[in-house]
Structure formats: C-alpha cells, structure tokens
Amino acid sequence: MGLAPSLLHRRDAGHKLLVPYVTGGLGRDWIDSLEAVAAAGADAVEVGLPFSDPMMDGPVIQRASVEALASGATAQRIIAEVASADVSVPVAVMTYYNLVARMGHRRMAHLLAGAGVTGAIVPDLPLDELDGWAEEADSAGVATVLLAAPTTPPERLKLIVERARGFLYAVGSMGVTGERADLAASAAEIAGRCKAATDLPVLVGVGISTPAQAVEVCQVADGVVVGSALVRRLLDGCGPEGAADLVREFRVALDG
Amino acid sequence: MNAIGELMREPSASGRYGGFGGRFVPESLVPACEDLDRAFRLAWGDPTFRGELDRLLREYGGRPTPVFACRRLSERIGVRVLLKREDLNHTGSHKLNNVIGQALLAEAMGKTRLVAETGAGQHGVATATAAALFGMDCTIYMGATDIERQELNVFRMRLLGAEVLPVESGSRTLKDAVNEALRDWVGTVATTHYCIGSVMGPHPYPFIVRELQRIIGDEARQQCRDLLNADPDLVVACVGGGSNAAGTFAGFVDSGARLVGVEAAGGAAMSHGIAGIVHGMLSRFLQDENGQILEAHSISAGLDYPGVGPEHAYLGELGRAQYEQASDEEVLAAVELLAQTEGIIPALEPAHAVAWVVREAGRSIPRDSSVLITMSGRGDKDVALVMERLGK
C-alpha cells in the first residue's frame, strides 16, 4: 500500500501516527534496528540517506551521518538493504537533494520504488524547485513529502498542500532537527494550520523529543516524526531492542 | 540572458544564471529569502539607500580604492600589471563593500543581529566591524582548523565585540562554517540577517553580493581608462566563492577584456567540480560519485571551499570567463615577488591571481599585455603562516 493510503487507513481507524527516523547505515545492525522499530508500533519508518553536509540537521543526526558515511554507507547500499528488510509498514527515505541529483531523478525514483520505498523527504528541495524530481517520483509511485514551516504564509501553504504526497510534514520548531526541552508553541499552531488546509495526514517533526510532547502535539496533529531522540540512543549504543523500547513508549503514550 | 550585454545583470525570477543558482533551502527559510529579495530590490533602487551606502563606503571604508601600475613587477615579468587596491579598504579587504551594504539592508529590514561564516577571517572581521558600526549583535562561525591558522583575525573579531564560535563538524573549514551559519539562521530568522560573505548561497544572495561588489569593477574600468586610455587586455581575480572576482568581472563583462578567475589548485571547483546542490545553490562542487562533498585543501583558508558561486559556473560554461589554478608553492613565491618588487604584501587569496599572471606572462598572456589584478586583501593576516612555510 502507498504511504498516504496506509497512514490514512490507520488515522481513520482512530490511531495517532508514529513515524520513527533511523539513519541508514548507522552501525552494522542498523537493519535490525529498523525492523525492531517498525515492529514496535511504528506506522511508517523514515530512513535517512546520510549526506556530508546536512544543513537541516542538528548535532545528533550530523554525528550519525558522519559515522554512517565513515563506515562506507552509500544511498545504493542502504536502499538495497531496505529492499531485503522485514518491515511491514511503509518506508520513506529522508535525504538531501545533492544525493538525488547526483544519481539522477529517474534513477533514484526507480531505485526507491524497486526497493519498495513509498515516500521521500528532501528538505532542501522546496516547492519552487520541486518539478523535475516530483514528476519522476510521482510516476514511479514514490510520494514526495513536503514541509510546511511556522513561517510559511497561508497562500504558500495552499500551494504546498496541492503538491504534497504521502503526508504533510509540519515543522514544529524553527530550527534544525534536535531534541528540545519544551514543545515549541509554534508546533500546535503550524499543525492546526496544516490540518485546516489538507486531508492528508499531518505529522509534526523537528523537536519532538518525549512521549509527553508527542501526546501534546497530537491533540492537534495526526502524528509525529521522532528522529534525534531515537538516533541519540542508537549512537549511545542502545541497540535494536533499546530503540524498540523507546518506540513502544511513544506508542503506548499515543494510544493512551 | 545570453547576450553579453545582459550578462551579470538580473538573474531570472528564480535566481538562475543559465542552469545554475536557484534557492535550495528548507521551507523554514524560503519566506526569509523572499523577504530579502524584495527588500534588496527596493533598497537598490532607492537613492536614499544608495546615497547612504556611498557615503559610508567613502567616509568609513576609504573608497574609492586606487588602481596602481606596478613598474618593477611589470619589468620583471614583461606584462603591464595594474593592481586594484581593495586591500586598502578599511579592515583590509574587499569584504567591507559587501557587509556595509548588507548591514544597511538588515537595518532597513528591522534585524538586530548579524550571523556570518568566515574562512580566512576577513569576512568575519568585516561583519564584526559592520555590526559594531550599526550597533548590532554578531555571531561568526569559523571552522576549528581555520581558527588555528588565523588566530589574529579571531582576536580581532572578539575585540570588535563579536562572538566567534568554532565549528567542529566535517572538515572544520569554510564549508562547515556555512552549514553552521545556515543552521543558526533557520532558528533565528525573525531577528537575524545572515550576512553571507560571497556570491553563493540561495537566491538572492549571489545577486546581492555581486551587486554590492560591482563597485570594484565599475571603479576599475574608469581608472584603467584614465591610465591606459583603454580597457585592460586581461582582468584577473582569485576565486573561492568568487565575490571579488564577480565584482571585478561585473565592470568588464561587456568589454573586450579576457576575464580570468584563479582558484586554489586544491579547491578548484570550476576545473574539477561537478554540478550539484549545496548551501542552497546549484553550482559546481568537488564531490564523489555518490554526491558526498569533498574537502578542499589550500594554504589559503579563504579559498578552501569545495564549491563556487553559481554565476561563475555560468560564465565558465559560456566561456566568457576562464578559470585557472595556482598551487600553494606558486602562491608563496608570488607573495615574495610582489612584496619585494612593489612593497605590497598580498593576502594569500589574491596571491593566487598574481601567481597565475607570473606563470603565464609571455605564455598564454602575450608580452606587453595590460593585466588588471584585483588585490582583494592585504597579507598581514597571513604573515605568520608565510613565515613558517618559507622557513625564514
């Protein structure tokens, strides 16, 4: 099933959506982590294809990217590993546009589709530069998830919603990815604006660090993306089981 | 856009120079880039803004900078060398032209804080200077490697009241400082202006910085006419991101002069780079087959950058400008030569332009040609490094 239909099915059955993020190629057992996280209550999983210059990412994802690249991770290898992973929920990749452009739009779209990846998030490819990639992604059946930020004006949000596929990624906090002690006031506000603008699932990411924050923002949003909080534990050596434990904590809190 | 007379004027509405340029930033920054584009176009057409900028560049910066005809160097190498003395600007480099303009723009936009990246420290010092002049807060990101090799400039920035934050990620040089400055800006965009230091980054930055540096080429065109009764045969400038070259070329792009940008051999994005997208722009970057960005290596921190401004990529593709390289050894020799023939110690960055001219004089530069070189900065900051490398 595609990314949007799968998430809509879960949402319309009354669930809040949980999408954990794992940096591809981080540690030899990263596929075990991906499978464990997926089985621990995720509604979809995001796999980061690491880039040398991750402009949108804070220290945790930066460090994970450096470690993955140092151990020889490449987009091709990560995607091939995802293809053979035992994951029953949709997989989306998150990466930077240079990796996509270097491989070529069509080749990347087909590689993802062939591996069963149903979504792609490319944060440095905004609406205005989207056309070349989006056409290939659409025709290959890969949903291009777009970001909406607290600074996005209303007219622009309408255009973003028209082009968004899979789900709408509401940027909860102005800034780069990373954990925050408190949920930004902007999170509920942008989630509310997005919900009013689209029937696509609205997931809040950037700065969702704890199950309590996830519950709070899901009073408005359909779900959350949890990245740095999970990747920090993986960097600290929590292993697949530790990663799954954290995802279960979020799941229990959201289902509560 | 293709007619030579139209070159180095307006980019397309999406900020394209041919196929290069654009605005590849996270959604959070798109509105800020749009606001900046509007504010700059308004200011650039406003006689009051232009008058105030001219006044500051004159009374505070020391413009116009002279063009100096080098007698002894010219005799030595057999071509007629003229130097556009941007090293005589306040703070010692062409960077002031850009930061005074951007600080004035930031003030007009109601911003109270400047954030910038720096490599050699020249742009950092200039930004810290402008922040002090305008009474703004200032944070400078600088790679930890560069902090080690440019101690004096780090202290200068702090003396001027700026906060200097070391960047430990990646190659710990200019490229990583740009990443960190962009990350700062994503979180602080409401109050902060990102004062980018070169003709790079997302649209409208390459356009703004080139326009603010255009004064180099516009002045030099007239000064060359006064000295030579003609345009020079060649116009040469060093290229890291490429701001002093862009500003210089802008004054000569519609002349008959051969335009030459000189990159560091270890950071030659024009010669060895492949089209890619980093730091918000589509341009040429040193990268591997997977699209990972490679580290540049140069004795000069200011040219230690694996990319190049998008307009240079376009001028190179059209063949209107050519891009060459100089090695660290050639650059050190050029520093000595210029110091001892003309009494001018150049910064390592413009020494690349000098080094190329010295190498090519009588070869690809015919004897007795007139060559304008932009002396983009003075060498004080590099003296310790040069002393170490020359073993003297």
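Scroll up for the structure.
A short tour of the structure in this document, coming up. What you see is a predicted model, and the numbers here were worked out from it, not measured in a lab.

## Let's talk about the overall build of chain B
A count of helical and extended segments in chain B gives 15 helices and 14 strands. Relative to the 2.2 N^0.38 estimate, which gives 21 Å for 392 residues, the radius of gyration of chain B is 19 Å and therefore close to what a compact globule would have. For chain B, the C-alpha atoms occupy an extent of roughly 55 × 50 × 45 Å along the three principal directions. Burial statistics for chain B: of 392 residues in total, 65% are counted as buried. Considering only residue pairs separated by 6 or more positions, chain B has 75% of its internal contacts joining residues 24 or more positions apart. Placing the 38 positive and 50 negative side-chain charges of chain B at their respective mean positions leaves the two points 4 Å apart.

## Regarding the interface of chain B and chain A
Each partner contributes residues to the interface: chain B has 35 residues there, and chain A has 35 residues. Buried area between chain B and chain A, summed over both chains or domains, comes out near 2700 Å², and the portion from carbon and sulfur atoms is 53%. One can count 4 salt bridges joining chain B with chain A. Across the chain B-chain A interface, the total number found is 17 residue pairs in polar contact (both at pLDDT 80 or more). Elements with a minimum of two residues in the side of chain B that touches chain A: α1 (30-44), α8 (174-188) and β11 (274-278) of chain B. The greatest single-element share of the side of chain B that touches chain A, amounting to 8 residues, is contributed by α8(B). Tallied by class, the residues present in the side of chain B that touches chain A amount to 12 nonpolar, 13 polar and 10 charged.

## Observations concerning the packing of aromatic side chains
Remark: the centre distance and the inter-plane angle together describe each pair of aromatic rings, the angle taken between the planes. All names here are of chain B. Counted by the stated rule, this structure contains 8 aromatic pairs over all chains. Aromatic side chains F40 and W44 sit 5.2 Å apart centroid to centroid with 25° between the ring planes, which places their arrangement in the stacked category. Pair noted here: F40 and W44 are both in helix α1, with a separation of 4 residues, about one helical turn. For the pair F40 and W44, one class covers both residues: buried.

## A closer look at the pairing of strand β2 (residues 45-48) of chain A
All names here are of chain A. Side chains V45 and V47 of β2 all project onto a buried face; the interleaved residues E46 and G48 project onto the opposite face, where all are buried too. Alignment of strand β1 (residues 17-23) against β2, held across 3 bridges, turns out to be parallel. Bridge assignment links V22 to a residue of β2, and that residue is V47. For the crossover that starts at β1, traverses helix α2 (residues 30-39) and ends in the parallel β2, the hand is right-handed. Pairing geometry for β2 and strand β3 (residues 91-94), over 4 bridges, is parallel. The residue of β3 that forms the bridge with V47 is V93.

## Some details on unusual backbone geometry
Look at the link from B:R63 to B:P64: it is a cis peptide, with omega at -5°. Structurally, B:P64 can be placed in the loop between α2 (47-59) and β3 (67-70). B:P204 follows B:H203 through a cis peptide bond whose omega is 15°. The topology assignment puts B:P204 in the loop between β8 (192-194) and α9 (205-228). Phi at A:V206 takes a positive value of approximately 75°, unusual for a residue other than glycine. In this fold, A:V206 is placed in the loop between β7 (202-205) and α10 (211-217). What makes A:V206 buried here is its relative accessible area of 8%. In the Ramachandran plot, B:M8 falls in the positive-phi region, its phi being about 60° despite a non-glycine side chain. When you line up the elements, B:M8 lands in the segment before β1 (16-17). The exposure class assigned to B:M8 is buried, which follows from its relative accessible area of 2%.

Procedures and definitions
- Residues numbered from 1 in each chain as written.
- Chains lettered and ligands numbered in written order.
- Predicted model: local features only at pLDDT ≥ 70, side-chain atom pairs only at ≥ 80, totals over all residues.
- Heavy atoms only, no water.
- Helix = DSSP H or I, 4+ residues; strand = E, 2+ residues; numbered from the N terminus.
- Rg over C-alpha atoms; globule rule 2.2 N^0.38 Å.
- Buried < 20%, exposed > 50% of the residue type's maximum accessible area, 1.4 Å probe, protein only.
- Contact = heavy atoms within 4.5 Å.
- Lys, Arg positive; Asp, Glu negative; His and termini not counted.
- Charge placed at Lys NZ, Arg CZ, Asp CG, Glu CD.
- Buried area = accessible area lost by both parts, 1.4 Å probe.
- Salt bridge = Lys/Arg side-chain N within 4 Å of Asp/Glu carboxyl O.
- Polar contact = N/O pair within 3.5 Å; in protein donor to acceptor, adjacent residues only side chain to side chain.
- Nonpolar A, V, L, I, M, F, W, Y, C, P; charged D, E, K, R; others polar.
- Phe/Tyr/Trp six-rings, centres within 6.5 Å; stacked < 30°, edge-to-face > 60°.
- Pairing = 2+ DSSP bridges.
- Right-handed = clockwise from strand over helix to strand, strands pointing away.

Note that every value here comes from positions in space, so none of it alone points to a role or purpose.
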